[in-house]
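Here is what each chain is made of, one letter per residue.
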Amino acid sequence: MSTLKKILLEKQIDCKSIWFMRQAGRYLPEFRKIRSQNKNFIKLCFDSNLSSEISLQPINRFDLDSAIIFSDILLVPYVLGQDVKFVKDVGPIVNKFELDKFLSNDIEEFSRKMDPVYRAIEKTRKKLNKNKSLISFIGAPWTLLTYMLGKKNKDGKKDFLKDKKKTNLIIKDLIKYLCLHIKNQINSGSDVVQIFDSWAGLLDKNDLHEFCFKPNYEIVKFCKKNKIPVICFPRGIGSEYLNFNKEVQPDALNIDYEIDPKWARENLKNVVLQGGMHPQFLLKSEEKIYTEAKKYLDIFKDVPYIFNLGHGLVPETNPEKLKKLIEFVRQY
Ligand code: CP3
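The structure presented is a predicted model; accordingly, all values stated were derived computationally and were not measured. All chains use their own residue numbering, which begins from 1 and follows the written sequence. Side-chain atom pairs in this predicted model are given and counted only at pLDDT of 80 or more, local residue features only at pLDDT of at least 70, and totals for whole chains, interfaces and linings cover all residues. The side-chain quantities take in all heavy atoms of the structure and omit both hydrogens and water.

## What to know about the site of the ligand
Now for step 1: We define proximity as follows: a residue is near a molecule or strand when any one of its heavy atoms falls within 4 Å of that partner. Taken together, 22 residues form the shell around the ligand, and within it R22, R26, R35, D72 and S198 come nearest.
Now for step 2: In protein, a polar contact means a hydrogen-donor-capable atom and an acceptor-capable atom, both N or O and within 3.5 Å, with residues adjacent in sequence counting only if both atoms are side-chain atoms; elsewhere, any N or O pair within 3.5 Å suffices. A distance of 2.6 Å separates an oxygen atom of the ligand from a polar atom in the backbone of R22.
Now for step 3: Take H311: an N or O atom from its side chain is 2.8 Å from an oxygen atom of the ligand.
Now for step 4: All accessibility values rest on the Shrake-Rupley procedure with a 1.4 Å probe; residue burial counts only the protein chains present in the view. Burial of the ligand by the surrounding chains reaches 87%, relative to a free accessible area of 870 Å².
Now for step 5: Counting atoms within 2 Å of the grid points, the majority share of the ligand lands in the largest pocket.
Now for step 6: Any residue that is not Ala, Val, Leu, Ile, Met, Phe, Trp, Tyr, Cys, Pro, Asp, Glu, Lys or Arg is counted as polar, Gly included; the first ten are nonpolar and the last four charged. Residues that form the shell around the ligand fall into these classes: 13 nonpolar, 5 polar and 4 charged. Put simply, the grid is 1 Å and covers the protein atoms alone, a cavity is a trapped set of points that fit a 1.4 Å probe, a pocket is an open set with protein on both sides within 12 Å along at least five of seven lines, and lining residues have an atom within 4 Å of a point. Molecule-in-pocket calls rest on the fraction of atoms, with more than half required to lie within 2 Å of the cavity or pocket grid points.

In structure tokens, the structure reads:
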């Protein structure tokens, strides 16, 4: 069993497990080389050979316990009929949402269009050591909606919260495809799932239950029914992590860098914790990186804990510093 699963399923505290969000990405020169030859990001994600190669890049370079498949949460809206473009220095741009078109999708077509992702998982699993996990992921419905329906800011968000009936109709349908996507990824060889609710922090407290907790709960329920270990990441919700944990009950929670790790250790019970350290620390001196890592390792020393960050690695990260951080965590 992988160390990640030993911690997630058996709650082991005497083994370490390390992986990083965005461990396959622009901070690696070998990724930038492939990316410069593949200007269309979506097309790159659907290239099974390259996607598998990119997923293994961090594994070949560092002493990590898990690979995460190179893909993107926005492939789901893309396959459901909305064109997605990644514009340099701007981020992802998603075409106008059309409800009729969205509702006319069907599950067989979805699985067929997503097939290159599943082939990439198969290829990666074959090349990955048996003691390592292969993590697959999805975006939570709310976070996908912020891209599908409008701008990722408080005002843009208000527009589609005006018609909650319509929003809930879309969420219900999205959950169907997201569960299918999870099942397909697991059947292809991935063994752990992470749900990214990166924009949960945009929701007002009153809307959190309906648009964050509830959809995450539905998907976690599906994972549990199918015995799929699941990690949730409701970024930016502050002390509401407490209610998230009570309502959703995932196997693990990734804390973001705004969460005080001591508070998390005391308040987030019956759940494995992951991550927390601010990715910007990796841009600082080695001393500062180690001191910060030590803080998390000390606080979580007698509970099951997965070493990771409070959000993804930033493109400016020096791979050599990441290597040293991994060595530090291993030896500590
Ligand atoms: O973690 C990994 O190594 C696996 C790969 C992965 C990517 N995207 C590849 C990627 C994962 C897990 C994601 C998830 C994702 N995608 C999220 C949730 C996590 C988070 O960061 O909050 C979100 C919100 C997206 C949507 C997305 N994709 C954005 C906002 C951007 C552009 C901004 C950015 O950070 O570059 C992307 C593009 C993207 N996805 C890149 C990578 C490596 C960079 C693409 C490039 O080379 O230009």
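## Focus on the sheet that holds strand β1 (residues 66–68)
Now for step 1: Only strands that DSSP links by at least two bridges are regarded as paired with each other. Only runs of H or I of at least four residues qualify as helices and only runs of E of at least two qualify as strands under DSSP, and these elements are numbered from the N terminus. The strand order across the open sheet formed by 7 strands is β1-β4-β5-β6-β7-β8-β9, and the pairing between neighbours is parallel. Two strands in the sheet have a free side with no partner beyond their single neighbour: β1 and β9 (305–306).
Now for step 2: Relative to strand β8 (residues 272–274), strand β7 (residues 252–254) runs parallel, the two being bridged by 3 bridges. Considered in β8, the bridge of N254 is made with Q274.

## As for helix α7 (residues 107–127)
Now for step 1: Every helix has an expected span of 1.5 Å times one less than the residues it contains. Over its 21 residues, α7 runs 29 Å from end to end, which matches the ideal 30 Å to within 8%, given 1.5 Å per residue.
Now for step 2: To get the bend at a residue, fit one axis to the 7 residues ending there and another to the 7 starting there, then take the angle between the axes. Along its length, α7 shows its largest kink, about 55°, at D115, and proline P116 lies within four residues downstream of that point.
Now for step 3: Note on classification: 1.4 Å probe, protein chains only; a residue is buried when its accessible area is under 20% of the maximum for its type, exposed when over 50%, partly exposed between these limits. Regarding α7, the residues found buried are F110, M114, V117, Y118, A120, I121, T124 and R125.
Now for step 4: Those residues of α7 that are buried are in contact with α4 (48–61), α5 (75–79), β4 (133–139) and α10 (164–187).
Now for step 5: With a side-chain oxygen lying 3.1 Å from the backbone nitrogen of E108, the N-terminal cap of α7 falls on D106. Contacts are assigned to residue pairs with any non-hydrogen atoms lying within 4.5 Å of each other.

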